[in-house]
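Inside the fold
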Amino acid sequence: IQVLVTVFTVNYVLPDVRFHGVSKAVLSTLEAYLRTEGCGCSSLTSTSTAHWFYLAAGYVDAGKPQSWHGLTEFPMVKDLQTAVA
């Protein structure tokens, strides 16, 4: 059994380029890489600010929101096998 663990710490773009597809392109590229490595799913922890972004990208909540240093985090997961690339 081969296990690939990749940690992508932050998907943050500068405010001047928000809503221009940069985060979407980074996420799509990362998911494509995971597929080529045979990964069937992707999991992440979202901030409250980005939660809508990941829902729109096909991620679903994978547990209750958690508090971390005063911030609310959302564990999320996406099935890469059935998701459209």
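Structure first, text after, so check above.
Keep in mind it's a predicted model, so treat the numbers as computed, not measured.

Our next topic: the packing of aromatic side chains. Scanning all chains against the criterion turns up four aromatic pairs. A ring pair is formed by Phe19 and Trp52, whose centres lie 6.3 Å apart and whose planes are at 20°; its orientation type is stacked. Taken together, the positions of Phe19 in the segment before α1 (22–36) and Trp52 in helix α2 (residues 51–56) put the pair 33 residues apart, joining distant regions of the chain. In this structure Phe19 comes out as exposed when scored by relative accessible area, which is 67%. Relative to Phe53, the ring of Trp52 has its centre 6.2 Å away and its plane inclined at 85°; by these criteria the two rings are edge-to-face.

Let's shift gears to the side chain of Ser23. Looking at the secondary structure, you find Ser23 in helix α1. When residues no more than four places from it in sequence are discounted, the contact partners of Ser23 are Asn11, Val13 and Phe53.

What counts, and where the lines are drawn
Residues numbered from 1 in each chain as written. Predicted model: local features only at pLDDT ≥ 70, side-chain atom pairs only at ≥ 80, totals over all residues. Heavy atoms only, no water. Phe/Tyr/Trp six-rings, centres within 6.5 Å; stacked < 30°, edge-to-face > 60°. Helix = DSSP H or I, 4+ residues; strand = E, 2+ residues; numbered from the N terminus. Buried < 20%, exposed > 50% of the residue type's maximum accessible area, 1.4 Å probe, protein only. Contact = heavy atoms within 4.5 Å.

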